[in-house]
Amino acid sequence: MGYIEEQYESYEKDPQSVDATLKQLFDEHGAPDWMSASVSTSANGEAKASSVDINKVTSAHKLVEAIRRHGHLDANIYAVGSNDRAPTNMLEISRYGLSEEDLENIPAEWVWQNSPVKLENALQVVKTLKERYAGTTAFEYDHVSHENERQWLQNQIDSASFKVNLNNEEKKQLLKRLVDVEGFEHFLARTFVAQKRFSIEGLDVMVPMLDHIVQAASSDRISNIMMGMAHRGRLNVLAHVLGKPYDRIFSEFHHSPDKELVPSEGSTGINYGWTGDVKYHFGAHREIGNGQQSTTQVTMSHNPSHLEYVNPVVQGFTRAAQDDRTKPGYSQLDEEEAFGILIHGDAAFIGEGVVAESLNMKDLPGYRTGGTIHVIANNLVGFTTNRKDGRSTRYASDLAKGFEIPILHVNADDPVACLSAISFAYEYRKKFKKDFVIDLIGYRRYGHNEIDEPRSTQPKLYKEIDDHPTVPHIFEKQLIEENVVEEGTLKAMFEEVESNLRDTYNNMKENETAEADVKDRPGGVEKPLDEIVTAINLDRLKKLNKELLKRPEGFNGFKKLEKILQKRSNMLEDGNKVDWATAEALAFASIIEDGKPIRITGQDTERGTFAHRHLVLHDVETDETYCPLHGIEQADASFDIFNSPLSEAGVLGFEYGYSVQAPEALVIWEAQFGDFANAGQVIFDQFVAAGRAKWGEKSNIVFLLPHGYEGQGPEHSSARLERFLQLAAENNWTVANVTSSAQYFHLLRRQAAISNEEEARPLVLMSPKSLLRNQRVADEGSKFSKLNFQPILRQPGLTKDTKKDKEKVKSLLLGSGKIMVEIEDYVEKLEDTSFETIDAVRVEQIYPFPTRHLQEILGEYPNIEELVWVQEEPQNMGSWYFVEGILHKLLSKGQIHRYVGRPHRASPSVGEPNIHKTEQNRIIREALQLSKGGNTNEGN
C-alpha cells in the first residue's frame, strides 16, 4: 500500500514517471480507495472495478512478471528425466497471496496492457501466459540489457507470433522427415552391427530444424551458411541436410563384418585428404538454388573429436565469407552475406573453455559475424557423466547469460515447437545481428557410441528412455487426433524408407581387393618453395616506403612516435639498413599492391607487443586511428589489422577458419609471446598440422611466435619450437627461425605468393624480440631487391681474414635464430682471436630441412671432422632432436656430430637473469671452442 501511495504521488507530479499499467489505473480511477474493496463482475465474466484492492493488483502484477521471468522453471521442456529437476513454486498463485477468484475479479488490461488476444480477467491472463512461457517452449531473456531487444523478445512470446503454423500437408511432410531420420539410423544399426555412428535418436527433430533454417536463408538469398557440430547426429545431418549420398556414407562403414564396400559409380571417394579420417569427422558442402540466379552454399566444417574447437573455425569461415577484400583499406563487412550455425553438446558447451572464448568474439570489430545461431543438442548425459557431475549451473546454456544472449529451451518431442524455436532464432539474428541459443532438450536413446551400455551408469534414466516412444510415434498420434493422417501411415512410411535404403545398399559394388592404400599427396604439397621469386625493384620499395610515411591532413600523431617513424624514410638509401619493422611494413605494402589481401591479428598486434610495428596510429587530440598501409595509393586489396581478445584457442581457430575460407588472403596470427601458443595446441594439432592430410583442407596461415632466450624466465622464452617440428611431416607446413629483416621480407612475400595455390601451406615463424632493434638483423636495400629467401645463410664474422681457408676448417657450426646473432656479436668483440678451424652457417628454415643446400656447403670443406649444432633451448627442446638424424645422414666416414646448448631440462629456461647470462655465455664459448684453448689465441 505504501508503494502504491508513493507511486500515486509521483503520478500527480508527472504522470509519465510511473509504470504504464499503473498510469492507466490512476487515469481511470484516480487515487486508491482503501476503504472499499468490492469489485463487480459483468454477466460475461469480465471484471469491472467499482473500487479495487490494490494489494491484489500488485500481487497479480508480480505473478505475471514471474511467469515471464521464471516460466522456464515449470515448463514442460524435458522429453525424459523431468523428475530430476528441482521443484519450484514460483508460478503458484497462492505464493502471491491470491486465489483464482481474486484473479477473476481483476480486469485483464490491468495486468496485461494491450494483450494480443481478447482476455476478460487476470486469471485468463495467467493461464495464457503460462501456456506461452511454461509449455514445451521456455525462455530466458531477462539478462539481455538492451531494452529494444528485450521488448521485441517479450512481444514475440506474448503474442506467440514467432510460432510456425503448418498446414496439413506440411505436417505430413514433417512426419515423413522424422521417419527419414529414424529410419536411416535403424538401417545403419541393423546393417553395420556394433559400429560407431553416434546416432541422433532422441534429438531427431534437429534435422527438420536445420532444414527449416536452410530454407529460410535460401529464401533471403543469403550466400553462405556455415555449420559446425560434433559427432551426435552428424551422419544423419550430412545425409539429410547436406545431401551426402547414402551410398557414400555406407561406403565409409567399409570393413564391416559382412561386406567391404567402395563407393558406387558417380559418388566421390571415401577420404578427402590422403590419409583420411573416420566417417563422423568429415564435413560436406552443398549448393542450394533459391529460384533466382544466386545460390546458397551450405558448408559443414570437418571436426575432430575435440568437440567445441570447431566453433571459432566456423566463425572464421563466416567472417571470411562476409568480408569484401577486393578494395584498399579495411575489408568491407556484409553480415547478410553469411551466417553461422553451431550445434553443441550439452556437457561440452558448459565444460569447454573455447566456448566462452568464441562467445566473447560476437561483438568484437575484428571477429563479429552478425550473430551465430547456437543449438545445444542436449541429451542429458556427457558420455557417462550425469548433469550434477558435469556442471554447476541449472542449464547447460547458462554460460550464454554472461554474454547477454537470449536463450530458448524447447522439448525435442514437440516438432512444431522446435521448428518455431529455430524460426524465432533466425528472425532475432536477422533483426539484431546477434547470437541466439536454443537449448534443444531430448535424450540419447543408446550409449555414447552405440557400443557403450548406458544402463550401468544411468539405470533410472534409461529405464524411462526404454519405455518412451520415439518422436515419429508421438507426432503420428497427434496427427491422428487432428485427423491429418490415418492409422498405419507411420508404418507405411518406415517400410518405404527401409526399402529405399536397402536397394541403395544392395546396388553398391563390392570390393574384392585388399584394403586401399593411403592416397598420394597432391603434387603441390611435394613441391619445394625455393625457386619462388620475391625480390622487388628498389625504386618500387622506395615509393612504398614514402607512402607509408604519409598522414591524413590534420592528423595529430604522437610526436615522439612520429619522430621515430620518420627515421625510416632513408633506410633504403645507400649505406643505410632496413630494420625488422620496416621490412615487414614494406612486405605488407607490396603484397596488397600485388592484389593479395592481408589479415593480421593478435594480442597487441596493432602496436606490436614490443612497440615496433605501429601500424595503427592514434590521433592524440581525437583518438581517431589511421593505418599507414591504408595510404598506399596503388593498393589493390584490403589490409585488416586488429588487436585480438586475450584468447589463444578461440582466436587461433577463428584465423585458421578464415584462412581456409579465404585462400587468396595472407592470414597472420601473432602471439604476444611465443609460448602463448600453448593454449591453442588443439588447433595446431588437429586442424593446422593435419587438416590437409585428413580432410584436404588448405590453409596458408602464418604464425608469428616471439622466441628467444633473454633472461625473462620460462614463460617468455620459448615458443616451443620442438612441438612444431615434432608435428612436421609430408610438407604440412614451413618452420623457420630467421635472422635478418630481408629474410623476413622474402618469407612473407613467398607465403603470399603461394596463397590459393596447390603449394599453399602454413608458416610457423619463430619471430624475434630483442633482435627487432638489433642492427645486426637490419639489411641493406640490395638484399630486398636482388635476392629471394635463403633457407641457409653464411654466418658472418668468424674470421678476421677477407677469405677463410676452407681447407683448415675442422668444425662446422650450425644453428638458427638469436643464438647465431649473439655468436656473431661475441666474435666481433674479441681481439686477437682467429677462428681458422671453425666456420658456421645459419639454418633459417628448419622444416623442410634444406638438406641439399647444406650438402653443397659441406662440399666446400674437404677436411670437416664434426658438425656442431648449437641452440639456446635445452637439449630435449628446440631443434636438436629433429636435426640430429638429418645431420647423422650427412656425415662421411670418420665425421661426428654433436650438440652444444643447455642440458635436458623440465622447464624451458631458468628464472634468474644472472644465471641465464652465465649459461648463455657458456654456450657461446663452448660453440666457439674457446674453453679448449687449442684453436684460438684467447688465453683460458
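Everything numeric in this text was worked out from a predicted model, so none of it was measured. (Residues numbered from 1 in each chain as written. Predicted model: local features only at pLDDT ≥ 70, side-chain atom pairs only at ≥ 80, totals over all residues. Heavy atoms only, no water.)

*Asks:* Which residues make up the packing of helix H8 (residues 168-191) against helix H19 (residues 489-506), and what are the values?
*Replies:* For the pair H8 and H19, interaxial distance at closest approach is 9 Å and the crossing angle is 50°. Of the possible angle classes, the one that applies to H8 and H19 is oblique. The hand of the H8/H19 crossing is right-handed. On the side of H8, the interface is formed by Lys172, Leu175, Lys176, Val179, Asp180, Glu182, Gly183, Phe184, Phe187, Arg190 and Thr191, while H19 contributes Thr489, Leu490, Met493, Phe494, Glu496, Val497, Glu498, Leu501, Arg502 and Tyr505. Split by residue class, the contact of H8 with H19 holds ten nonpolar, three polar and eight charged. (Axes fitted to C-alpha atoms, helices over the stretch in contact; angles between N-to-C directions. Helix = DSSP H or I, 4+ residues; strand = E, 2+ residues; numbered from the N terminus. Parallel < 35°, antiparallel > 145°, perpendicular 65-115°, else oblique. Left-handed = near helix turned anticlockwise from the far one by under 90°. Contact = heavy atoms within 4.5 Å. Nonpolar A, V, L, I, M, F, W, Y, C, P; charged D, E, K, R; others polar.)

*Asks:* Any details on the confidence of the model for the protein chain? Residues and values, ideally.
*Replies:* Per-residue confidence for the protein chain averages 90 on the pLDDT scale, and 93% of its residues sit at or above 70. Note that pLDDT drops below 50 for residues 932-940; the model gives that stretch 22 contacts with residues more than four away or on any other chain. (pLDDT = per-residue confidence, 0-100.)

*Asks:* Any details on helix H17 (residues 459-466)? Residues and values, ideally.
*Replies:* Listing the buried residues of H17 in full gives Leu461, Tyr462 and Ile465. Projected down its long axis, H17 shows its buried positions confined to an angular sector of 90°, all on one face. For H17, the exposed residues lying more than 90 degrees away from the buried face are Lys460 and Lys463. Buried residues along H17 sit in contact with strand S11 (381-382). (Buried < 20%, exposed > 50% of the residue type's maximum accessible area, 1.4 Å probe, protein only. Arc of directions from axis to C-beta.)

*Asks:* Please give an account of the pairing of strand S19 (residues 666-670) that cites residues and values.
*Replies:* Counting buried residues along S19, five of its five residues qualify, which places the element largely inside the surrounding structure. Of the two faces of S19, the one carrying Leu666, Ile668 and Glu670 and the one carrying Val667 and Trp669 are both buried. Summarising the sheet, strand S15 (residues 598-602) and S19 pair through five bridges and their orientation is parallel. Within S19, the residue paired with Ile598 across the bridge is Leu666. (Pairing = 2+ DSSP bridges.)

*Asks:* Give me the lowdown on the pattern of salt bridges, citing residues and values where you can.
*Replies:* Applying the stated criterion to the full structure yields 62 salt bridges. The salt bridge partner of Glu593 is Arg540, with a shortest N-O separation of 2.5 Å. Here Glu593 is found in helix H23 (residues 580-593), whereas its partner Arg540 is found in helix H21 (residues 538-548), with 53 residues between them in sequence. Judged by its relative accessible area of 18%, Glu593 is buried. Between Arg749 and Asp594 there is a salt bridge, with the nearest N and O atoms lying 3.3 Å from each other. With Arg749 in helix H28 (residues 741-753) and Asp594 in the loop between H23 and S15, this pair connects stretches of sequence that are 155 residues apart. (Salt bridge = Lys/Arg side-chain N within 4 Å of Asp/Glu carboxyl O.)

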